[in-house]
Amino acid sequence: MVATARSLMIQGTGSHVGKSVLVAALCRLFVRKGLRVAPFKAQNMSNNSFVTPDGKEIARAQAVQAAACRLAPRTDFNPILIKPAGEQQAQLVVDGAVAGSLEASDFGRIRREFEPAVRAAFLRLAAEFDLVILEGAGSPAEVNLREHDLVNMWMARLANAPVILVGDIDRGGVLAALVGTMALLNGDERRHVKGFVINKFRGDLKLLLPGIQTVEDAIQRPCLGVLPYCQTIVLPQEDALEWAMLSRVPTRGDIVIIGVVDVPFLSNFTDFESLALEPDVYLRRITGSDAGVPDVLIFPGTKNTPQALRFVRERGLDRLARRVLAAGGTVLGICGGYQILGRRILDPDGVESSDRELEGLHLLSADTTFSSHKITVPVVGVHRGFGAPVHGYEVHMGRTVLRDGTAPFLDVRQPHELSYRPDGARSPDGRILGTYVHGLFDAPVFRRCFLNSIRERRGLPPLEPTTGPSFDDGLDQWADFVARHLDVPRIEALISQPV
């Protein structure tokens, strides 16, 4: 394979500074200029994953970036995914499949064993596309990890990529972070950095200009733009749940309160972003039993179901679930949350913990057994009661069997299959629900049917499904927003020049 693509890399002064969404915007901008563009992040650490059409697993951020490129997601966009399952342990996914566990004490194993997989994935993209836009992870200034680096400056050198450094001013200290990052890079690393961008700015730009000049003088690199703080365009987050953004209180009086339990190692929190955008929904973070009684209590997915179950009991959230039901509300479990609602969780091979058997909350008559084989499949389906279509994906190690005639929640199939299979469980009164399908609330008709069923129980009139902009429209709006505030011609020139 001959690498013919040009490249551009976005790195940051730290985590959560906006690298992923900036890459998505640039991908869409250059696609609209007629280029064949691909995203690439060599190594991602996130429990927020997505399933590719061929049943592989990558980080959700790279699936969003693929959509920005108008491409189906593929494993080459994110060859290594690290999914934290504890403070010192994570599940390792390589080329979309589980490759065992990773201990924090042996973080260097990734580069030792999987550098060829990263190199091969990038070279395949570089031979197929005109432009590859790469994303770093954390900060390139983490010099203690330099010898293990496979995602920041090591990748910039392999791709011969100019690097734009991004800093988040909303956190404070962005000027020092930019200068400090450059100071900690060695000479070869600094050679790749061609400019910087300041993200999430609020206020009068005139007050920031002297600081920008000081940074430009200190690091001898230009500012390529200042992105204002933007709450009107919402894209899926990578690996940090923005509770403040999702928990906006509606101004109307007929709201439905949906509580989401913030379990340890919460995964696929993008399941709730579509709910949060509904005009009659208030999404509330639940960490303890004193949070009040919501209309709906959701136990979300988690990378460590046994630990999440212990958390639920320690915080009295099992009692909260029963108070919700006693008040006429609904309890929903998704993936690991579904497993928690059942009778027993069996782990004979120690896949998730040393506990071979755990007692669930006994809200659903179902037993779950963990297996070392991971299920990762895209699905489409219908709700058994509403008949509303759903779509999403499954990512789980456990298999759940229904007992005592318990009815399934959905009928689903893989897109290429013809016959449906049952998914999940529902109580006889339909107020306790469980499913393995992530993303089911992204289907607008199902989402509104679900919410209207809650409204009906409260004596509220039904609402029509929302008809806001599509996800693709949102990517266009975000790209337009970024283009208004970045020096795009100057960035184009950087791509065309040798590093």
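Residues numbered from 1 in each chain as written. Predicted model: local features only at pLDDT ≥ 70, side-chain atom pairs only at ≥ 80, totals over all residues. Heavy atoms only, no water.

Chemist: So, the sheet that holds strand S7 (residues 89-94): which residues are in play, and what are the values?
Modeler: Pairing in this open sheet of four strands is mixed, and the strands run S3-S6-S7-S8 from one edge to the other. The open sheet has two free edges, formed respectively by strand S3 (43-45) and strand S8 (97-103), since each of these has just one partner strand. Taking the axes of each pair of neighbouring strands and ignoring which way they run, one obtains an average angle of 25 degrees across the sheet. Note: strand S6 (residues 80-84) against S7, five bridges, orientation antiparallel. What sits directly across from Ile82, in S7, is Leu92. Those strands touched by helix H3 (residues 109-128) are S3, S6, S7 and S8, and its axis lies near 155 degrees from that of S8. (Pairing = 2+ DSSP bridges. Helix = DSSP H or I, 4+ residues; strand = E, 2+ residues; numbered from the N terminus. Axes fitted to C-alpha atoms, helices over the stretch in contact; angles between N-to-C directions. Contact = heavy atoms within 4.5 Å.)

Chemist: So what's going on with the pairing of strand S22 (residues 389-402)? Which residues, and what values?
Modeler: For strand S21 (residues 366-383) and S22, the ladder comprises 13 bridges, and the chain directions are antiparallel. Looking at S22, one finds that Ile375 is bridged to His396. Hairpin connection of S21 to S22: five residues between the antiparallel strands, including Gly387 at a positive phi of 75 degrees.

Chemist: Report on the environment of Arg413, specifying residues and quantitative values.
Modeler: Secondary-structure assignment places Arg413 in strand S23 (residues 410-413). What makes Arg413 buried here is its relative accessible area of 19%. Distance in space between the C-alpha atoms of Arg413 and Gly34 is 36 Å, their sequence separation being 379 residues. If we ignore the near neighbours within four places in the chain, the residues touching Arg413 are Pro378, Val379, Val380, Leu418, Ser419 and Tyr420. (Buried < 20%, exposed > 50% of the residue type's maximum accessible area, 1.4 Å probe, protein only.)

Chemist: Summarise the sheet that holds strand S25 (residues 425-426); cite the residues concerned and give the values.
Modeler: The strands making up a sheet are joined through hydrogen bonds of the backbone, oriented either antiparallel or parallel. The six strands lie next to each other as S15-S13-S16-S18-S26-S25, forming an open sheet whose pairing is mixed. Two strands bound the open sheet, and with one partner strand each, they are strand S15 (281-286) and S25. Where strand S13 (residues 256-261) lies against strand S16 (residues 296-299), three bridges are found, and the strand directions are parallel. Across the sheet, residue Gly259 finds its bridge partner in S16, namely Leu297.

Chemist: Give me the packing of aromatic side chains: which residues, what numbers.
Modeler: One pass over the full model with this rule turns up nine aromatic pairs. Measuring from ring centre to ring centre gives 5.2 Å for Phe441 and Phe450, while their planes differ by 65 degrees; the resulting arrangement is edge-to-face. Across the pair, exposure class does not vary: Phe441 and Phe450 are buried alike. Ring geometry for Trp478 against Phe481: centres 5.6 Å apart, planes inclined by 15 degrees, an arrangement best described as stacked. One end of the pair is Trp478 and the other is Phe481, both in helix H14 (residues 471-485) and three residues apart, which spans about a single turn. We classify Trp478 as buried; its relative accessible area is 8%. Overall, Phe481 belongs to the buried group, its relative accessible area being 9%. (Phe/Tyr/Trp six-rings, centres within 6.5 Å; stacked < 30°, edge-to-face > 60°.)

Chemist: Would you mind going over the pattern of salt bridges in detail, with residue names and values included?
Modeler: Two side chains with opposite charge may pair up if their charged atoms get near one another. Counted under the stated rule, the structure contains 39 salt bridges. Between Arg455 and Asp254 there is a salt bridge whose closest N-O contact spans 2.6 Å. Taken together, the residues Arg455 in helix H13 (residues 444-457) and Asp254 in the loop between helix H8 (243-246) and S13 connect sequence positions 201 residues apart. For the pair shown, Arg455 and Asp254 are each scored as buried. With its nearest N and O atoms 2.8 Å apart, the salt bridge here joins Glu278 to Arg448. You can see Glu278 sitting in the loop between helix H9 (273-276) and S15 and its partner Arg448 sitting in helix H13, a full 170 residues away along the chain. By relative accessible area, which is 3% here, Glu278 ends up buried. Through salt bridges with shared partners, a single ionic network connects Arg252, Asp254, Glu278, Asp280, Arg447, Arg448 and Arg455. (Salt bridge = Lys/Arg side-chain N within 4 Å of Asp/Glu carboxyl O.)

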